[in-house]
Amino acid sequence: MMIEPTVDGFLAAARLALAGASPHEAMRSLLDAAVAALHAQSGKWIEHDEDERLLISTPQLTVYHITLSPRIHYPPHEHRMPAMIGLYQGMETSFSYRRNGRALVQTQRHDHAAPCVAALPADVIHSVVNMGGARSAAIHVYFGDLTAAERSLWDLGLREERRFDNRIYFEQARRL
């Protein structure tokens, strides 16, 4: 799938992907193409100093541009909707967890290096860290309105579950 290398072009293509008969397959194709093109450019798609920039949020679709600082571990959280991560620059490690009563137990580690696209199921609980030496860059696509979803956040000690709050999410991030 060809896309215009602009934010507006990508968002228009993402809306079309959702409207088709196989939205997850179409979104995967779109992200594969976007990641390949952006990785080949070897620059940031969008310049910003913050770790995340919200590009769109509708009842069907949320898209963020995420640039993770090196060696900062962001706390476990859930999305409660399927997601796809198009990593086009750098590295990202995702740790998966399962509930154990009120606490969490780590179950898997997934190491990703650009260019790649990773799919996350709706029920995943995960934390992320950029294990590289430079900021990473990725397009995060959520199949729903992530900004309005009722979801949880845990402390890095894996013991305290609370309602997700973006401010607390960033406050709990810790340097490795």
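Quick notes on the rules
- Just so you know, the residues in each chain are numbered from 1, in the order the chain's sequence is written.
- Two thresholds apply to this predicted model, a pLDDT of at least 70 for residue-level local features and 80 or more for giving and counting side-chain atom pairs, whereas whole-chain, interface and lining totals are computed over all residues.
- For the side-chain quantities, the full set of heavy atoms in the structure was used; hydrogens and water were omitted.
- Only DSSP runs of H or I with at least four residues qualify as helices, and only runs of E with at least two residues qualify as strands; both kinds are numbered from the N terminus onward.
- Our radius of gyration looks at C-alpha atoms and nothing else; its globule reference is 2.2 Å times the residue count to the power 0.38.
- When accessible area is computed with a 1.4 Å probe and restricted to protein chains, residues below 20% of their type maximum are described as buried, those above 50% as exposed, and intermediate ones as partly exposed.
- A contact between two residues is defined here by any heavy atoms of the two lying within 4.5 Å.
- Polar contacts here mean pairs of N or O atoms no more than 3.5 Å apart (in protein, one a potential hydrogen donor and the other a potential acceptor; neighbouring residues in sequence count only if both atoms are side-chain atoms).

Each helix and strand counted, the protein chain has three helices and twelve strands in total. In terms of C-alpha radius of gyration, the protein chain reaches 16 Å, essentially the compact-globule figure of 16 Å for 176 residues. In terms of overall dimensions, the protein chain has a C-alpha envelope of 45 × 35 × 25 Å along the principal axes. Out of the 176 residues belonging to the protein chain, those deemed buried represent 48%.

Locating Asp 111 in the fold gives a position in strand E6 (residues 103-113). For the pair Asp 111 and Glu 171, spaced 60 residues apart in the sequence, the C-alpha separation amounts to 24 Å. Leaving out residues up to four positions away in the same chain, Asp 111 has contacts with Glu 92 and Thr 93. Polar side-chain contacts of Asp 111 include one of 2.6 Å to the side chain of Thr 93. A distance of 3.1 Å separates the side chain of Asp 111 from the side chain of Arg 109, its partner in a polar contact.

For Asn 130, the location among the structural elements is in the loop between strand E8 (125-129) and strand E9 (137-142). A distance of 2.8 Å separates the side chain of Asn 130 from the backbone oxygen of Ala 134, its partner in a polar contact. For Asn 130, the contacting residues outside a window of four places in its chain are Leu 68, Ser 69, Pro 70, Arg 71, Ile 72, Met 91, Glu 92, Arg 135 and Ser 136.

What follows covers the environment of Gly 157. Residue position: Gly 157 is located in the loop between strand E10 (152-154) and strand E11 (161-163). Between the C-alpha atom of Gly 157 and that of Leu 104, which follows or precedes it by 53 residues, the distance is 8.8 Å.

Any functional reading would require information beyond the geometric quantities listed.
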